[in-house]
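Working through the structure, step by step
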Amino acid sequence: MTGELVVQQALNGISFGALLFVLAAGLSLIFGMMDVLNLAHGAFYMLGAYLALAIVRATGNFWLALVVVPVALGLLGRVLEPLLLRRIRGLHLQQALLTIGVALVITDLIRIVFGGELRTLPAPAGLDRSVDVLGNPYPVYRLFVIVFAAALAATLSFVYRRTRLGALIRAGVGDAEMLGALGVDTERLFANTYAVGVGLAALAGVVAAPILTLQPGADEEMLILSLVVVVVGGLGTLGGAIAGSLLIGPADSFGKVFLEQFSLALIFAVMALVLLFRPTGLLGRIRIGR
Amino acid sequence: MKRYAAGAALVAAAAALATFPLWSKGWDSSRYATTVLENILILAIFAMSLNLLVGYAGMPSLGHSAFFGAGAYAAGLAGQRLGTENLFVGLAAALVTASLLALVIGYLSVRAAGIFFLMLTLAFDQMVFAYAFKATDVTGGANGLSAIRRPELFGLSFGSPDSLYVLTALAFFLVGALTWAIVRSSYGRALVGLRENERRMRALGYGTLTLRLSVFVLAGALAGVAGAFHAWNQRFVAAQDAGIGLSISGIIMVLLGGAGTLVGPVVGAAAVFLIQRVLDSYIPFAQTVLGLVFVAFVLGARQGIVGVARQALARARS
């Protein structure tokens, strides 16, 4: 493997990891706050990507999709939470299973509206070029994804640490019941948390649309990769989502080069090792194994 | 006297089900009903095995299709590579492969409980699927494994659809009887104890990790049997047979029918198959229907179809 190829694969891995971070941040937020494993996360991701496709087709404006789609799906999440999840509050396993039903409906509707064939979205104007990285052309859009995710991580980190909302979130992840006893309207907080989490999944879908092929089954693949990211990095913390995605993204891209048939094996080997030796994940507080 | 009558009715119903293709020839000339029933029986074996985990031991696995797929590939490959159609060779290959895979995945995941267990089994299932999808030289990859030979035993061939149906029905009854025996045994009660209060079980001196791993392997092995029959029935195995879609369908079958009951998974398997395959040929949004029905049951009737029926029956009696 030449040096240039290593750099190229590293960039591919980091940009894919950046995408996984956006997705996993939402999953981790919902889980940390509400103890709900959102198994519809992949479906919301896919819905975000297909809606971006529809908006770009209609208006030609990618940036419009980047703003409108996460907001719209966030609102959908804001409605679904009190409608469905709130009714079985506290039954965490049932809540996870419920989201499976939601995912089935969403993916079926996507299939009916958009059909089953492979779709791609061109990179937005201005970012559809390549730049020179160490003497080799590299697509600008992938570099944009890295910058975008880093900016998002910085923003989320600021909100988490410096704002009142962040303090509420940290308190909610720690002990939501106690937060309720202190007079915080946790029902509203949970609904908003779910909305933000779903919005992040949709955002990941929009950002991913120009890089990854859209096809049935992409929802499951991305759901599982984001699960692995939070299991490896640690549940319920932003740092865990960052660490996990920076590990799994490159593991995926290098695995595809070195192992081909077993490309996923590398990722799962990482996960198995982390689980055996660090049951909380690298930076998490919630124990996964015992 | 009443018990004997119920027992006789059950045996008669079982015999009628097992011999279905023989007496339905007149009206089911296209064999559509037979095909549907055979598929349901195979899925019911799969759902019964998953019910041991989900319903009795309280271990919500979302990766059970890994063992179904492993059994299907093993039965198919054993026939092709060893050049034999012996039923026991195919079954043994499916049982051993599925059990070994369950031992490895189980070793890594039974330490986790509840949602975390669900997460890990889901992830490992995806890994098995990805391997099946990409290892073209072993599994046929995306093209699948085709031209699978149907089994025979002591010169008795199960090559025709009707004879294979009878064999499948026998396997269904055997697995059903086995589940019944397991649930009534002290081992089965220990599993329920695991579901109800694992800490107390540990305090009572049970090795709960070993118990969890043992039921995981047992359920995996039985899912492998279902996979083997699926391979013989279709004469084809697709990577999707080890995919997450089937794992999700499986858990829906168990919960929709009634987890922790003997009949529940069978009813659930029939309901899910009728929606996913039969209803699907009439309306384009069958999966949406399945999703909505599942959501409704999770929200309103967690005891499943069997539980709801029992309640209605009790209400009618009083």
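Higher on the page you've got the structure.
A few points on the structure. As the structure is a prediction and not an experimental result, all values here were calculated from the model. (Residues numbered from 1 in each chain as written. Chains lettered and ligands numbered in written order. Predicted model: local features only at pLDDT ≥ 70, side-chain atom pairs only at ≥ 80, totals over all residues. Heavy atoms only, no water.)

With that settled, the discussion passes to the overall build of chain B. The number of helices and strands found in chain B is 15 helices and 4 strands. Scaling as 2.2 N^0.38, a compact globule of 318 residues should have a C-alpha radius of gyration of about 20 Å, and chain B matches this with 19 Å. Projecting the C-alpha coordinates of chain B onto the three principal axes gives extents of approximately 50 × 45 × 45 Å. Excluding contacts between residues fewer than 6 apart, the proportion of contacts in chain B whose partners are at least 24 apart in sequence is 74%. Entry remark: accessible area of chain B is about 13,700 Å², with carbon and sulfur atoms responsible for 67%. Computing the positive centroid from 22 side-chain charges and the negative centroid from 11, chain B places the two 14 Å apart. (Helix = DSSP H or I, 4+ residues; strand = E, 2+ residues; numbered from the N terminus. Rg over C-alpha atoms; globule rule 2.2 N^0.38 Å. Contact = heavy atoms within 4.5 Å. Areas by Shrake-Rupley, 256 points an atom, 1.4 Å probe, with all protein chains shown as cover. Lys, Arg positive; Asp, Glu negative; His and termini not counted. Charge placed at Lys NZ, Arg CZ, Asp CG, Glu CD.)

Here the focus is a nonpolar patch on the surface. On the surface, A:Leu5, A:Val257, A:Phe258, A:Leu259 and A:Leu266 cluster together into a nonpolar patch covering about 400 Å² of accessible area. Structurally, A:Leu5 can be placed in helix 1 (residues 3-34). (Patch = residues over 30% accessible without salt bridge, like charges linked within 9 Å, V, L, I, M, F, W, Y side chains within 5 Å. Salt bridge = Lys/Arg side-chain N within 4 Å of Asp/Glu carboxyl O.)

The next thing to look at is unusual backbone geometry. With a phi close to 60°, A:Asp35 is a non-glycine residue in the positive phi region. Looking at the secondary structure, you find A:Asp35 in the loop between helix 1 and helix 2 (41-59). Of the residues examined, A:Asp35 reaches a relative accessible area of 33% and is grouped as partly exposed. One non-glycine residue with positive phi stands out, namely B:Arg235, at about 55°. Counting through the fold element by element, B:Arg235 comes out in the loop between helix 11 (208-234) and strand 4 (236-237). (Buried < 20%, exposed > 50% of the residue type's maximum accessible area, 1.4 Å probe, protein only.)

Moving on, we get to the layout of surface pockets. The gaps of empty space that remain are located by a probe, the size of a water molecule, rolled over the atoms. All names here are of chain B. In this structure, the second largest pocket occupies an estimated 640 Å³ of space. Lining the second largest pocket are 15 residues, with Leu-10, Ala-14, Phe-172, Phe-173 and Gly-176 positioned closest to its centre. Only helix 1 (2-18) and helix 8 (161-184) provide two or more residues apiece to the lining of the second largest pocket. Counting residues per element, the lining of the second largest pocket draws most heavily on helix 1, which supplies 6 residues. Here the lining of the second largest pocket is composed, by residue class, of 13 nonpolar, 2 polar and no charged. (1 Å grid on protein atoms, 1.4 Å probe; cavity = no way out; pocket = protein on both sides within 12 Å on 5 of 7 lines; lining within 4 Å. Points joined across faces, edges and corners; volume = space filled by probe spheres on them. Nonpolar A, V, L, I, M, F, W, Y, C, P; charged D, E, K, R; others polar.)

Here we take up the packing of helix 13 (residues 264-278) of chain B against helix 14 (residues 286-300) of chain B. Residue and element names in this part refer to chain B. The interhelical angle for the contact between helix 13 and helix 14, taken along N-to-C directions, is 150°, at an axis separation of 8 Å. Relative to helix 14, helix 13 is oriented roughly antiparallel. You can see that helix 13 and helix 14 cross each other, and the crossing is right-handed. Residues Val-272, Ile-275 and Gln-276 of helix 13 touch helix 14, and the partners they reach there are Ala-286, Val-289 and Leu-290. Of the residues assigned to the contact of helix 13 with helix 14, the class counts are 5 nonpolar, 1 polar and no charged. (Axes fitted to C-alpha atoms, helices over the stretch in contact; angles between N-to-C directions. Parallel < 35°, antiparallel > 145°, perpendicular 65-115°, else oblique. Left-handed = near helix turned anticlockwise from the far one by under 90°.)

A few words now on the interface of chain A and chain B. Taken together, the contact between chain A and chain B spans 47 residues of the former and 46 residues of the latter. Taken over both partners, the interface formed by chain A and chain B buries close to 3,700 Å², and the fraction arising from carbon and sulfur atoms is 78%. Taken together, chain A and chain B are joined by 0 salt bridges. Taken together, chain A and chain B are joined by 4 residue pairs in polar contact (both at pLDDT 80 or more). Secondary structure elements with two or more residues in the side of chain A that touches chain B: helix 4 (92-114), helix 8 (218-233) and helix 10 (263-277) of chain A. Residue classes in the side of chain A that touches chain B are distributed as 31 nonpolar, 7 polar and 9 charged. (Buried area = accessible area lost by both parts, 1.4 Å probe. Polar contact = N/O pair within 3.5 Å; in protein donor to acceptor, adjacent residues only side chain to side chain.)

Here we take up helix 6 (residues 114-134) of chain B. A rise of 1.5 Å per residue sets the reference length of helix 6 of chain B, with its 21 residues, at 30 Å; its end C-alpha atoms lie 31 Å apart and thus fit the reference within 8%. The buried fraction of helix 6 of chain B amounts to 16 of the 21 residues, a majority that puts the element mostly inside the structure. (Expected span 1.5 Å × (residues − 1).)

Another point: the pattern of salt bridges. Scanning all chains against the criterion turns up 10 salt bridges over all chains. Across the pair A:Asp108 and A:Arg111 runs a salt bridge whose closest N-O atoms are separated by 2.6 Å. Of this pair, A:Asp108 and A:Arg111 are both found in helix 4, 3 residues apart, which corresponds to roughly one turn of the helix. Here A:Asp108 falls in the buried class, since its relative accessible area comes to 1%. In this structure A:Arg111 comes out as partly exposed when scored by relative accessible area, which is 38%. Between B:Arg202 and B:Glu198 there is a salt bridge, with its nearest N and O atoms 3.8 Å apart. Of the two residues, B:Arg202 and B:Glu198 are both situated in helix 10 (residues 198-203); the distance of 4 residues between them amounts to about one turn of the helix. Each of A:Glu81, A:Arg86, A:Arg89 and A:Glu187 takes part in salt bridges that share partners, so that together they form one network.

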